[in-house]
Amino acid sequence: MPEVSTQHRSVQIGDGSDGGSIELAWAGATHTGRRRDINQDALLTEYPLFVVADGMGGHLGGEIASTSTVDRLRGVVDAGSVTPKTIENGLARAVKDIASHPEATDDGTGTTLTGVYLDVAENPPHWVTLNIGDSRVYLLRDGAIAQVTTDHSVVQELVASGRLSPEEAENHPYGNVITRAVGPSDSVSPDYVRLDVADGDRFVICSDGLTKELTDYGIQHFLAENADPADAVTSMLDAALENGGRDNITVIVLDVALVDAGSSTAAD
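Residues numbered from 1 in each chain as written. Predicted model: local features only at pLDDT ≥ 70, side-chain atom pairs only at ≥ 80, totals over all residues. Heavy atoms only, no water.

1. A few points about the overall build of the protein
As a reminder, the rule being used: Counting from the N terminus, the helices are the DSSP runs of H or I reaching at least four residues and the strands are the DSSP runs of E reaching at least two. Burial classification: accessible surface area is computed with a 1.4 Å probe over protein chains only, and a residue below 20% of its type maximum counts as buried, one above 50% as exposed, and the rest as partly exposed. Two residues qualify as a contact provided that any one of their heavy atoms is within 4.5 Å of a heavy atom in the partner residue. Reported accessibility uses the Shrake-Rupley method at a 1.4 Å probe radius. Residues are deemed covered only where the shown protein chains occlude them.
Looking only at helices and strands, the protein has 7 helices and 12 strands in total. In the protein, which comprises 268 residues, the proportion classed as buried is 51%. Contacts in the protein between residues at least 24 apart in sequence constitute 67% of all its contacts with a sequence separation of at least 6. Element-wise, carbon and sulfur atoms account for 45% of the exposed surface of the protein, whose accessible area totals about 12,300 Å².

Here is the structure:
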């Protein structure tokens, strides 16, 4: 089991003297699972961007695709401006990186991408989720969990058209077939969802290796049982492995707290 630790970041809002702060705490980890030889998942947890990529493709293609995508997005963070435009520029570079590897150019090679970033360019700040494929972002708010992203998959399209029920979708033979990915030949723009910043929010960003083994309510249970993000990540990984660990498993837990100016906080 990977070693998991919780990181902290205090983000000043307003003019700093009377605007208060957003206190963030997060942890993330990835595991090969019980049935795979190679881990084709990758993750990035560098403020303000938190993403998961789930690669697919024979040999090393999926690993190259997910790693290239995360590396290019790390470069976006390092450059200092995370916006839809800089993200899409980073993805265009990742597509070229993937295409430069002969072992990653077949039709089945690519990677999902999903995550969230904090946009502080506007006042008040807000979250932006991004998604390509069937990895997911969940939000636990006011005791209720909701999937924020929409899967780009054959099964989701069948559900949306009314041809398949959510219950039938769970074990559908096309459950692993996605309709959009970051691949060697196509430059794909993510779907974006804007969210307000709310005190007590908890995000879960994960590959389908987690959601194959845990229901939404299972994820909510482990969040309720574990206040610390690292503990929540470890508990979910343990449970996913115990339930079969049929795929690579990656999960990030990101907690949000709002602190008024003049209030004390225990965050590092």
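Moving on, there is more to tell.
2. Observations regarding the sheet that holds strand β8 (residues 136–141)
What counts here: The rule for pairing is simple: two strands pair if DSSP sees at least two bridges between them. Helix axes use the C-alpha atoms of the stretch in contact, all axes being lines fitted to C-alpha atoms, and the angles between their N-to-C directions lie in the range 0 to 180 degrees.
Reading across from one edge, β1-β2-β12-β11-β8-β9 is the order of the 6 strands in this open sheet, with antiparallel pairing throughout. Lying at the two open borders of the sheet, with one neighbouring strand each, are β1 (7–12) and β9 (144–147). Taking the axes of each pair of neighbouring strands and ignoring which way they run, one obtains an average angle of 20° across the sheet. The sheet contact formed by strand β2 (residues 21–31) and strand β12 (residues 249–259) spans 11 bridges and is antiparallel. The residue bridging E23 from the neighbouring strand is A257, located in β12. Its contacts with the sheet put helix α6 (residues 216–225) on β8, β9, β11 (202–206) and β12, and the angle it makes with β8 is roughly 55°.

3. Quick word on the pairing of β11
Extensive coverage of β11 is indicated by the burial of 5 of its 5 residues. Alternating positions in β11 separate into two faces, R202, V204 and C206 on one and F203 and I205 on the other, with burial throughout. Direction of pairing for β8 relative to β11: antiparallel, over a ladder of 5 bridges. Along β11, the bridge assignment pairs Y138 with V204.

4. Comments concerning the packing of aromatic side chains
Cut-off, in case you're wondering: Put simply, two rings from Phe, Tyr or Trp (the six-membered ring, in Trp's case) pair if the centres are within 6.5 Å, and we call them stacked under 30 degrees between planes, edge-to-face over 60, tilted for the rest.
Applying the stated rule across the entire model yields 2 aromatic pairs. Both rings, one in W127 and one in F203, keep their centres 5.2 Å apart while their planes meet at 65°; by these two values the pair is edge-to-face. You can see W127 sitting in strand β7 (residues 126–132) and its partner F203 sitting in strand β11, a full 76 residues away along the chain. You'll find W127 and F203 in the same group, each marked buried.

5. A short note on the environment of N39
Convention followed: Throughout this description, a polar contact denotes any pair of N or O atoms lying within 3.5 Å of each other; where both atoms belong to protein, one of them has to be capable of donating a hydrogen while the other can accept it, and for residues adjacent in sequence the pair is counted only when both atoms sit in side chains.
Within the element layout of this structure, N39 appears in the loop between β2 and β3 (41–46). Separated by 208 residues in sequence, N39 and D247 have C-alpha atoms that sit 8.7 Å apart. With sequence-adjacent residues up to four places away left out, N39 is seen in contact with T30, H31, T32, E63 and N248. A distance of 3.0 Å separates polar atoms of two side chains, one belonging to N39 and the other to T30. Engagement of the side chain of N39 in a polar contact is seen with the backbone nitrogen of D41, the distance being 2.9 Å.

6. Focus on the pattern of salt bridges
For the record, the criterion: Any Lys or Arg side-chain nitrogen found within 4 Å of a carboxyl oxygen on Asp or Glu counts as a salt bridge.
Following the criterion strictly, the structure yields 13 salt bridges and no others. Its salt-bridge partner being R141, residue D201 comes within 2.6 Å of it at the nearest N-O pair. Here R141 lies in strand β8 and D201 lies in the loop between β10 (191–196) and β11, a separation of 60 residues in the sequence. Residue D201 is classed as buried on the basis of its relative accessible area of 1%. R141 gets classed as partly exposed once you look at its relative accessible area, which sits at 23%. Connected via shared salt-bridge partners are R36, D208, K212 and D247.

7. Let's talk about the environment of R136
With respect to the helices and strands, the residue R136 is situated in strand β8. Sequence-wise, R136 and L210 are 74 residues apart; in three dimensions their C-alpha atoms are separated by 9.7 Å. When residues no more than four places from it in sequence are discounted, the contact partners of R136 are T114, Q147, T149, D151, V204, I205, C206, T211 and D216. A polar side-chain atom of R136 sits 2.9 Å from a polar atom in the side chain of Y138. Reaching out from R136, the side chain makes a polar contact with the side chain of D151 at a distance of 2.7 Å.

8. Here we look at the nonpolar core
Which entries qualify depends on this criterion: Among buried residues, those of type Ala, Val, Leu, Ile, Met, Phe, Trp, Tyr and Cys that are joined through side-chain atoms within 4.5 Å constitute a nonpolar core.
Grouped together as the largest cluster of nonpolar side chains are 24 residues, with contacts concentrated most on V204, L210, I219, M236 and V251. When contributions to this core are tallied by element, the ones reaching two or more residues are β2, β8, β11, α6, α7 (229–242) and β12. A42, A53, L73 and V182 belong to the second-largest nonpolar core, a separate cluster that totals 22 residues.

9. Description of unusual backbone geometry
In this structure, the amide linkage connecting Y47 to the following residue, P48, adopts the cis form with an omega of 10°. Assignment of secondary structure puts P48 in the loop between β3 and β4 (49–56). The omega torsion of the bond from N123 to P124 falls at 5°, within 30 degrees of zero and hence cis. Structurally, P124 can be placed in the loop between β6 (113–119) and β7. One non-glycine residue, D142, lies in positive phi territory at about 55°. For D142, a relative accessible area of 76% gives the class exposed.

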